[in-house]
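Tertiary structure, described
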There are 2 protein chains.
Amino acid sequence: MPRPPSYDREAALAKAVSLFWQKGYHGSSMKQIEQALDMRPGSIYATFGSKDGLFSEALANYAQQGGADLSEHMAGYDSIVAGLQAYLREIAGSCADTDCAPARACLIVKTLLEASNTNPALYSQAQSVLAAIETSFAELLESARNQGEIAAQTDCRRLARLLQSQIMGLRAMAERNPSAAELEQLGDDMAAILESYKVRN
Amino acid sequence: MPRPPSYDREAALAKAVSLFWQKGYHGSSMKQIEQALDMRPGSIYATFGSKDGLFSEALANYAQQGGADLSEHMAGYDSIVAGLQAYLREIAGSCADTDCAPARACLIVKTLLEASNTNPALYSQAQSVLAAIETSFAELLESARNQGEIAAQTDCRRLARLLQSQIMGLRAMAERNPSAAELEQLGDDMAAILESYKVRN
DNA sequence: TTGGTTGTTGAGCGATCATTCATAAACTTG
DNA sequence: CAAGTTTATGAATGATCGCTCAACAACCAA
């Protein structure tokens, strides 16, 4: 009986992610959103409720994608530490590619910094997402510890926070638009940090 | 002959820094600025030209203060590496203090991320400031190299970028609002990274 | 005092902000 | 086709955006 929607919800969300990733929450006007999604205001509000609602869904979508990327990446490595080291280098490499992504810095971190004193709901969401990522890293590191890759007395949550800080720093630095070589060096140097946590053999 | 200004330019700038640091560029409206500076729009525009101009001066002011803080800090240390390690720990400690500063994350980095795809002038300014800070670190590290603290073949610019990334990551992580203990651990872990660059003795 | 200069004020500018809703269009079912 | 239901549209909303400027206030030199 009803008229079916003419747009693709997932595709619209992907476009929203791209816009918000580039311009942030305050930097993206509804007019720009309408243009990016090729939707009229009525449809946007019927589908996502509000600008906040759309941003929230976009952020969740981005985080889910990032988590899937990490899982997929780690599946290719027997050694967890080696996988995490390669992950750091991969981030450095992808940030070096021009127009590989809408922006270099992480959307979650951008949201954390932008929303911390202006939008409690988005700030809280960014905090939750980052806490979940920290937990993912901690679980990976616990596996590494169980496999004897890193020392038995390693504080995995603590090391997970150090690792997450590395990624935050790497991608923030990438936003300075350094050369590809400089970014690769930085990725290598950060990967080397993990080396010192490995069990001596 | 003329009527002297009734406000204190430096004091007004300090208040602008505080507001922008908290809410960012797009998140600070002229209405909020008027209230924070206790100035009427006419006076603000006569003094700073525009919202962009005010932000630009505030950012420069913040950066200068940061540079002075670094110099003052380093003056208290014979060992440059030890000074930089203590600097990382000091940042962690001050970020842990509630209401020690308007925000934890660095205003320059916040500006870099917010302005990169919305405001070329501010983006460029943030880039310049960060490049200058990188150079300061590189010069400090060159001195450390000359004094034999770190290996003679050390690439000081490269290490300076790693150091700057640590600070970016540390202060971004601080915006997640971790416990004081967790932040101190993170500062310690980042200081320990520099340990591995020291010359063995 | 007075004249000249500069600083301060705040109402109000056009533009844009996020959002709404009456209307029109599109589709399925009977 | 016609009836019924849902979606799409975009002009229009009040609020707020950054900003201007004519009028006024405050000061100094003469």
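Here, the structure is the one placed above.
Quick look at the structure, then. In this text, all values refer to a predicted model and were calculated from it rather than measured experimentally.

One pass over the structure, following the stated rule, counts 18 salt bridges over all chains. Asp-188 of chain A serves as the salt-bridge partner of Arg-89 of chain A, at 3.6 Å between the closest nitrogen and oxygen. One end of the pair, Arg-89 of chain A, is in helix α5 (residues 80–96); the other, Asp-188 of chain A, is in helix α9 (residues 180–195), and 99 residues separate them in sequence. For Asp-188 of chain A, a relative accessible area of 33% translates into the label partly exposed. Of the charged contacts, one joins Lys-198 of chain B and Glu-195 of chain B as a salt bridge, the two residues approaching to 3.1 Å between their closest N and O atoms. Take Lys-198 of chain B: its relative accessible area is 30%, and that puts it in the partly exposed class. Here the residues in one salt-bridge network are Glu-134, Arg-157 and Arg-161 of chain A together with Arg-176 and Glu-182 of chain B, joined through shared partners.

With an axial shift of 0.0 Å and an RMSD of 0.0 Å, the rotation relating chain A to chain B amounts to 180°. The operation mapping one copy onto its partner corresponds to a two-fold rotation axis. Among all residues of chain A, the one whose C-alpha sits closest to the rotation axis is Gly-169 of chain A, at a distance of 2.0 Å. When the interface residues of chain A are mapped onto chain B, 100% of them are again interface residues, pointing to one common binding face.

With 41 residues of chain A at the contact, the number on the chain B side is 41 residues. The three residues of chain A that bury the most area against chain B are Leu-113, Arg-158 and Arg-176 of chain A, which together make up 20% of that side's buried surface. The interface formed by chain A and chain B includes six salt bridges. Between Glu-134 of chain B and Arg-176 of chain A there is a salt bridge; the shortest N-O distance is 2.9 Å. Mapped onto the side of chain A that touches chain B, the elements with two or more residues apiece are α1 (9–23), α6 (107–115), α7 (120–146), α8 (156–174) and α9 of chain A. Residue composition of the side of chain A that touches chain B, by class: 17 nonpolar, 13 polar and 11 charged.

Rules and cut-offs
- Residues numbered from 1 in each chain as written.
- Chains lettered and ligands numbered in written order.
- Predicted model: local features only at pLDDT ≥ 70, side-chain atom pairs only at ≥ 80, totals over all residues.
- Heavy atoms only, no water.
- Salt bridge = Lys/Arg side-chain N within 4 Å of Asp/Glu carboxyl O.
- Helix = DSSP H or I, 4+ residues; strand = E, 2+ residues; numbered from the N terminus.
- Buried < 20%, exposed > 50% of the residue type's maximum accessible area, 1.4 Å probe, protein only.
- Least-squares fit on C-alpha atoms with pLDDT ≥ 70 in both.
- Contact = heavy atoms within 4.5 Å.
- Buried area = accessible area lost by both parts, 1.4 Å probe.
- Nonpolar A, V, L, I, M, F, W, Y, C, P; charged D, E, K, R; others polar.

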